[in-house]
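Each chain, written out:
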Amino acid sequence: MPEEAKNKRLTDIGPHDFHDYLPPVIKKNYGKWAYHEILDAGSMVHVAESGDKLYTVRVGSPRLVSGSFVRDLCDLADKYCSGYLRFTTRNNVEFLLEDEKNIEPLKQDIAKLGLAAGGIGNVVANIVHTQGWVHCHTSASDASGVVKSVMDDLYGYFVEEKLPAKVRIAFACCLNMCGSVASSDIAILGTHRKPPRINQERLLNLCEIPSTIAACPTNSIRPDTQDGKQTLRINEETCVFCGSCYTVCPAMPIADPATDGLSIWVGGKVSNARTKPTFSKLVIPFIPNDPPRWPKVVEAVKTILDAYKEGAESGERVVEWIERIGWPRFFKITGFKFTKYHVDDFRLAETTMNYSSHTRL
């Protein structure tokens, strides 16, 4: 932020200017980086037009961390890189070093903390995930437990380049998908299978009828009366079990331990290299929750990854490999069953639904 703009600020509310926290080498060469090279699965170097170099060591970390964990990371940053580190959107920690000689000592100290350097290049990236049972009110499954179980099994793919291309895995604990499920190569999605239950006794004390109706993305909630009292009714034919109504109305819980579980999706990506961005598609409609290690989920993800590793060409993302061999071939290779739930017959999306009073011609 220019100094003139800083001086004109009338409040200190809001984030600080990020330029204030950049390492000196980045400030010096801002916007003038020539290229970068991957040194190994856990480190890379960016080279500026001036010849200056910035080394990055990427470390996988949990999404939910303790204060002592953060202090340990900061101690390493103070020791090796003048206190500079950053957290990525996929829950990685990146240490930013100017001296190449500090890379190996840093990795050794990282290993002493029980952490691993990796996630760079043609590897399985650290899993981005939501809160799950720890915090999320609409969760159909745990997040940290499933992710821990999956990454324990895929550890070798995180620390060593063994794949044709980068593989991004995501987890979201419900249909609202705040965990990049729609745009990841392999995705695990928490799935509710029954509509919300309306607690008539608490409804009027806890909920506003208009805002609850408006919260439904498929217009499946309608006003109703019961014994002369105002209430709501749910159209189960159009309900998609997302739990958005429960967010604004605590009298409409959707979680059900007897029927909640997980589904597996593949083929999403944001990158427009080689092919256009794509949304992920369903491959396994439902897997029951099986804590604490979710073996069926781990097995499904490993099956997809092994088949991809075996059949994909160099540089092919998961969706590119599938589209080259065809979806029927994909289901045959993985052994997953194709069912009626794979047929996309949903017709209540924003593109096909008239939300307003305007006439659609």
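Everything here concerns the structure above.
Residues numbered from 1 in each chain as written. Predicted model: local features only at pLDDT ≥ 70, side-chain atom pairs only at ≥ 80, totals over all residues. Heavy atoms only, no water.

It is not clear to me how the sheet that holds strand S12 (residues 281-288) should be interpreted in this structure. Could you clarify?
Backbone hydrogen bonds hold the strands of a sheet together, and the pairing may be parallel or antiparallel. Read from one edge to the other, the open sheet built from five strands follows the order S6-S7-S8-S11-S12, with strand pairing classed as mixed. Unpaired on one side and paired on the other, strand S6 (128-129) and S12 mark the two borders of the sheet. Seen against the sheet, helix H12 (residues 327-334) touches strand S11 (261-266) and S12 and runs at an angle of roughly 30 degrees to S12. (Pairing = 2+ DSSP bridges. Helix = DSSP H or I, 4+ residues; strand = E, 2+ residues; numbered from the N terminus. Contact = heavy atoms within 4.5 Å. Axes fitted to C-alpha atoms, helices over the stretch in contact; angles between N-to-C directions.)

Is there a simple way to explain the sheet that holds strand S1 (residues 33-40) in this structure?
What the five strands build is an open sheet, ordered S1-S2-S3-S5-S4; its pairing is antiparallel. Two strands bound the open sheet, and with one partner strand each, they are S1 and strand S4 (85-87). Along the sheet, successive strands turn relative to each other by an average axial angle of 25 degrees, direction set aside. Pairing between S4 and strand S5 (residues 92-97): three bridges, direction antiparallel.

It is not clear to me how the pattern of salt bridges should be interpreted in this structure. Could you clarify?
A side chain of one charge can pair with a side chain of the opposite charge when the charged atoms of the two come close. Applying the stated criterion to the full structure yields 13 salt bridges. In this structure, Arg-293 engages Asp-152 in a salt bridge whose closest nitrogen and oxygen atoms are separated by 2.9 Å. With a gap of 141 residues between them, Arg-293 in the loop between S12 and helix H10 (295-311) and Asp-152 in helix H5 (residues 144-153) connect regions that are remote in the sequence. Sharing partners across several salt bridges, the network here consists of Arg-58, Arg-86 and Glu-94. (Salt bridge = Lys/Arg side-chain N within 4 Å of Asp/Glu carboxyl O.)

For this particular structure, what's the right way to read the packing of aromatic side chains?
Each aromatic ring pair is characterised by the separation of its centres together with the angle its planes make. Using the criterion set out here, one finds eight aromatic pairs in the structure. Geometrically, the ring pair formed by Trp-133 and Trp-294 is tilted, given 6.0 Å between the ring centres and 45 degrees between the ring planes. With a gap of 161 residues between them, Trp-133 in the loop between S6 and H5 and Trp-294 in the loop between S12 and H10 connect regions that are remote in the sequence. In this structure Trp-133 comes out as partly exposed when scored by relative accessible area, which is 45%. When the ring of Phe-331 is compared with that of Phe-338, the centres are 5.4 Å apart and the planes differ by 85 degrees; the resulting orientation is edge-to-face. Using a relative accessible area of 53% as the deciding quantity, one classes Phe-338 as exposed. Members of the aromatic cluster, each reached through a chain of ring pairs, are Tyr-308, Trp-321, Trp-327, Phe-330, Phe-331, Phe-336 and Phe-338. Over the aromatic face of Tyr-157 sits the side chain of Lys-162, whose NZ or CZ is 5.8 Å from the ring centroid. Its end group placed over the ring of Phe-286, Arg-193 keeps NZ or CZ at 3.6 Å from the ring centre. (Phe/Tyr/Trp six-rings, centres within 6.5 Å; stacked < 30°, edge-to-face > 60°. Buried < 20%, exposed > 50% of the residue type's maximum accessible area, 1.4 Å probe, protein only. Lys NZ or Arg CZ within 6 Å of the ring centre and 35° of its normal.)

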